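This is what each chain is made of:
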Amino acid sequence: MFRKLSIAFPIIGMMLFIVISITLSFYVAQIKAIGDALWTKENSKAEDIYYVVESLIEREEKRLAVLSIALKKHQDLLEGLNHFQRSSGDITPLKKAMDDIFLQVGIDLFQMIDNQGHLIYCANAPFTPDSTSLAQEMEKISRQANSPTAVRIGDKWVLVSMCLLSPPQSQAAGIILVGTFLDDNFAKIIASETEGHVSFGTLEGIIASSLPFDKRNDILHDSMKESILEIKSIRIDRPEDFKVIHFSPMEVAEKLFSVMVEIDTKSSHELVQQYKKHIVKFSVFILLGAISLGIIFTIYMVKPLKMLQQKAKETVRNISGIDLKETKGNEIQSMIQLFDALVATATDHIAERIEAEEELKKHQERLEDQITERTSELRKANQKLRLTVGELELRTNQTMLFNQIGDLLQACDTEEETYTIVARFCRKLFPNDSGYLSIFHKARKTLTTVASWGSGTPPDTEFGPTQCWAIRMGSLHLVKSPEIDPLCPHLKEYENNAYLCAPMIAQGELLGIIHLRFAPAEAGRTEEKHSEELLAKRLLVVSLLEHYAPPLTNLRLRETLRIQSIHDPLTGLFNRRHMTEALQSEARRAQRHGTSLGIIMVDVDHFKVFNDTYSHEVGDTVLCELGNFLKNYIRQEDIICRYGGEEFVLILPETSLENAFVRAEDLRKKIETSLAIHRQGRIYTITVSMGVAAFPVHGRTAEATLSAADSALHQAKKKGRNRVVTAGTAQESGVRSQNTEDMERPS
């Protein structure tokens, strides 16, 4: 039955289904978009209200802070407090002054208490907290002097600021408390400026609200507590009341409260209903228009099918001589019958032609096979000859490269120069592969990637020795397949290619590793050939390490000896030998550029007594801690050296005598007040004496200037220690030296 129907009917039905689905989707999408827009609008309004609330509270905090500072210098209050102290309790002048100020400034709390927390006078009657409540909150308020804080006094929360009132030339002292109640009036004032109901609460419950008393039972105390405990905002929708309630934590004067904002959504609900009506009308209009267009489209589509059916009937009649009768109903079914007849006729004619072509093709294939066989034999012979010549050239080039890298590594002055050389030669040895060189640092016990080549991604800057299987095993680690071989953890990513990690070890000591990631095997290359290439590259890596390890060991040994020759073994600072060279070099530079060179000599006061009293180990700790303190104090271009014993020298390039003296005095004060030396559970403090000189002010040579600084240091020690003296002048600073127990006391 359905096969006899015209194709127009299913097309029209399908188009109706599509149009209705699209219309419904449009309706749902528009309604959702309107809801999302209103949701965003409500959240934005809540954020604006919270911002206004926070601004109003900050304004009130600033007002109280400024007021407390101003009251601290109020003459009437100072005179009233002085009279109260002298008259043994007469508060008449103080009461008048506080009452007048209370009427002028517009605050809720204005009280004066003594140092023990006892109330002297309260100008904000009838609210007069007892002395016990004040004493309980005094410690909290005193921590925030001149800075408002929120405290609970009695049964009320107060935003309060405190200042100490002390009349001049009098021992009388009192504490002024000014504050604003965080109560319903405060909430109503904020609500009037935000156009929404606002409530404040703590974990104990509501403390202030602009809502009427009969509606406060609707406040969700659990949500308010949750917003404080978890420090997050909470939104609660009440569609039956057309309300949206936001709970959000807010810090008021370093106290965490929950602020509740109630937003009326009735207007938004009415707007959504109005939009729904407009969308329904628009959807119906779209549906009717789409149905009309679908019918017109179907009519125009069926007409060409009729013409194509007639053309197919004529073609079958011309080829096979069969005149097929046209069936009524489904146009597609009629077209299928016509094309079946056409295909059957064409198949018969084509089969005869295919048989002839297949016979001809067989003769052609036999001839091509013979030609291909002869050509393949010649190509294999030629390819084998080329491979042999290429391998010989490669071996020659590799030998030349290794000779060249050996000469360059032997000529390097620093270890860092070798990194670049190795990376460049690896690019030549392995042009299609990528990898990196990692050097082991014995002090940090980590490997650092210092050079890389190719397109691979190097690992993290540092990784531990246990993150490489080659170091664990002490031999080369070759990974051909990640499913079988273990992967090194120091790799960031693995691209399913083979790789090799080779440890560099000399005299039983780990120097580093070379990681080589092989390029993917070329298409058509056999497994045997690929394995031969991997073996050849493995031998190259081993040979490279054999050429690299000895020069690297020699450079490290030479660098270690150089560092030991210019550094003090106890403090790690430059020693006297390096100081002499550096001082002469800086003096020559200052002479060339016409600048001044400052020199400061530092000596630890009573260091021998310190050693005799607390042991030489503690004395060594003092020198080490002082050296670290000086190292952190100086600029990057300054030079600090241990001159000998407990004496240190600071070389300050491009520093005038005046600036050197200022820096020395600042350093002396910081050592005296800030340097705390911890040793065996005890804390020691020290003082230092300093001599300051400048080149070329105090000498034509660096040695003469250093001698002048040394003389100034001796003058500082003769004048009582713990001071700074400039060479050749009477300028000095510091304090008179105290006894040894005070200057070098353990805490």
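In the block above lies the structure referred to throughout.
Residues numbered from 1 in each chain as written. Predicted model: local features only at pLDDT ≥ 70, side-chain atom pairs only at ≥ 80, totals over all residues. Heavy atoms only, no water.

Asker: Is there a simple way to explain the nonpolar core in this structure?
Answerer: Looking at soluble globular proteins, one finds that nonpolar side chains tend to be buried together. Counting residues in each nonpolar core, the largest one holds 45 residues, and the members touching the most others are Leu77, Phe110, Ile176 and Phe200. Ignoring sequence-local partners within four residues, the contact set of Phe200 consists of Val53, Ile57, Phe186, Ala187, Ile190, Ile206, Ile207, Ala208, Ser258 and Val259. Counting residues in hydrophobic clusters, the runner-up holds 35 residues, among them Cys412, Ala423, Ile439 and Ala506. (Core = buried A, V, L, I, M, F, W, Y, C linked by side-chain atoms within 4.5 Å. Buried < 20%, exposed > 50% of the residue type's maximum accessible area, 1.4 Å probe, protein only. Contact = heavy atoms within 4.5 Å.)

Asker: What is the right way to read a negative patch on the surface from this model?
Answerer: Together, Asp348, Glu352, Glu355, Glu358 and Glu359 make up a region of like negative charge exposed at the surface. Checked against the element boundaries, Glu352 lands in helix α8 (residues 331–411). Accessibility expressed as a relative area gives 60% for Glu352, which makes it exposed. (Patch = residues over 30% accessible without salt bridge, like charges linked within 9 Å, V, L, I, M, F, W, Y side chains within 5 Å. Areas by Shrake-Rupley, 256 points an atom, 1.4 Å probe, with all protein chains shown as cover. Salt bridge = Lys/Arg side-chain N within 4 Å of Asp/Glu carboxyl O. Lys, Arg positive; Asp, Glu negative; His and termini not counted. Charge placed at Lys NZ, Arg CZ, Asp CG, Glu CD. Helix = DSSP H or I, 4+ residues; strand = E, 2+ residues; numbered from the N terminus.)

Asker: Would you take a moment to explain a nonpolar patch on the surface for this structure?
Answerer: A cluster of nonpolar residues, Met14, Phe17, Ile18 and Ile22, forms a patch on the protein surface that exposes about 440 Å² of accessible area. Counting through the fold element by element, Met14 comes out in helix α1 (residues 8–72).

Asker: Where do I start with the environment of Ala582 in this structure?
Answerer: With respect to the helices, strands and loops of the structure, Ala582 is situated in helix α12 (residues 576–593). Taking the C-alpha atoms as reference points, Ala582 and Ala702, 120 residues apart in sequence, are found 10.0 Å from one another.

Asker: Can you walk me through the sheet that holds strand β1 (residues 109–113) in this structure?
Answerer: Each strand in a sheet pairs with another by means of backbone hydrogen bonds, the pair being arranged parallel or else antiparallel. Across the sheet, which stays open at both edges, the 5 strands sit in the order β2-β1-β5-β4-β3 with antiparallel pairing between neighbours. The strands lining the two open edges of the sheet, one partner per strand, are β2 (119–122) and β3 (149–153). Geometrically, the sheet is characterised by an average inter-axis angle of 35° between neighbouring strands, direction not taken into account. In the sheet, β1 pairs with β2 via 3 bridges, with the strands oriented antiparallel. Note that in β2 the partner of Gln111 across the bridge is Cys122. Against the sheet, helix α2 (residues 75–86) contacts β1, β2, β4 (156–165) and β5 (174–181), and its axis sits at roughly 80° relative to β4. Packed onto the sheet, helix α3 (residues 92–105) meets β1 and β2 and runs at close to 155° relative to β1. (Pairing = 2+ DSSP bridges. Axes fitted to C-alpha atoms, helices over the stretch in contact; angles between N-to-C directions.)

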